[in-house]
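# Summary of the model geometry
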Amino acid sequence: LNRFSYLHGQNKIYKFSPFIKANLDLEESIENQLEKVQSSSQRRKLKKCLKTPLKERFTDKISDLEFFYHNLYVPYAISRFDERCSLTSIREMERIFKKRKGKLIFVEDGTINVGCSLVHQSIKLANTLIWWKLGFDVNLVNSNQDRATQLELATINYGIKSGFKKLQLGVTSPFSDN
């Protein structure tokens, strides 16, 4: 299989990567979840992140959604994909947030919001939490990988604590460098 497909049109080249739908079966506790990680180095990294002093905060306030959108989601998406990236509008985000019982999962260092996940319940799949959007403070010096790992743990932890059996990670690239 070819890893990338290219379409040519009006002197533009579009790159499309193959994507897969990823689901994570959630265990009864975050400790049990980490034991299921097959890579011992990844498991050590995740366990190390559990010991960091960052705080998790779960909220469903619209004011927090607006903060997330303007200060974390949009700046992060633009910094990662450039200003021509396709962004979900704040209106669409609010609609899904309200309709599907959305939650924001903030990871905080003191009073600084390091990153945030936007999750919601699946309307089609029972006991499934959908990880829909994320954003980071692009001005922080910490490495993106550490913040991403912290946010990943917080999101999984929320799913476990809330009694979900699956976490749908959405459509993702099968390649770690993409």
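The structure reproduced in this document is the subject of the present report.

Here is what the cut-offs are and how they apply
- Residues numbered from 1 in each chain as written.
- Predicted model: local features only at pLDDT ≥ 70, side-chain atom pairs only at ≥ 80, totals over all residues.
- Heavy atoms only, no water.
- Helix = DSSP H or I, 4+ residues; strand = E, 2+ residues; numbered from the N terminus.
- Buried < 20%, exposed > 50% of the residue type's maximum accessible area, 1.4 Å probe, protein only.
- Areas by Shrake-Rupley, 256 points an atom, 1.4 Å probe, with all protein chains shown as cover.
- Salt bridge = Lys/Arg side-chain N within 4 Å of Asp/Glu carboxyl O.
- Core = buried A, V, L, I, M, F, W, Y, C linked by side-chain atoms within 4.5 Å.
- Contact = heavy atoms within 4.5 Å.

## Considerations on the overall build of the protein
Of regular secondary structure, the protein possesses five helices and eight strands. Each helix (α) and strand (β) of the protein, taken in turn from the N terminus, gives the series β-β-β-α-α-β-α-α-β-β-β-α-β. Within the protein, buried positions represent 37% of all 178 residues. Carbon together with sulfur atoms contributes 50% to the accessible area of the protein, which is approximately 11,500 Å² in total.

## Structural notes on the pattern of salt bridges
Per the counting criterion, the structure on display carries eight salt bridges. As a salt-bridge pair, Lys47 and Glu35 come within 2.6 Å of each other at their nearest N and O atoms. In this pair, Lys47 is assigned in helix α2 (residues 40-50) and Glu35 in helix α1 (residues 30-35), connecting sequence segments 12 residues apart. Lys47 sits in the partly exposed class, given a relative accessible area of 33%. Here Glu35 falls in the partly exposed class, since its relative accessible area comes to 48%. Across the pair Glu92 and Arg95 runs a salt bridge whose closest N-O atoms are separated by 3.0 Å. Residue Glu92 and its partner Arg95 are located together in helix α4 (residues 90-99), separated by three residues, close to a single helical turn. Linked through salt bridges whose partners overlap, the residues forming this network are Lys55, Arg57, Asp64 and Glu108.

## As for the nonpolar core
In this structure, Leu26, Val119, Leu129, Leu153, Ile156, Tyr158 and Leu167 are the most contacted members of the largest nonpolar core, which totals 21 residues. Those elements that provide at least two residues to this core are α1, α2, β5 (103-109), β6 (112-121), β7 (128-136) and α5 (144-161). When residues in this core are grouped by element, the largest group, six residues, is from α5. Discounting residues that sit within four places of it in the chain, Val119 has contacts with Gly102, Lys103, Ile105, Leu129, Ile130, Trp131, Trp132, Thr155 and Tyr158. In this structure, Leu65, Phe68, Tyr69 and Leu118 belong to the second largest nonpolar core, which totals 12 residues.

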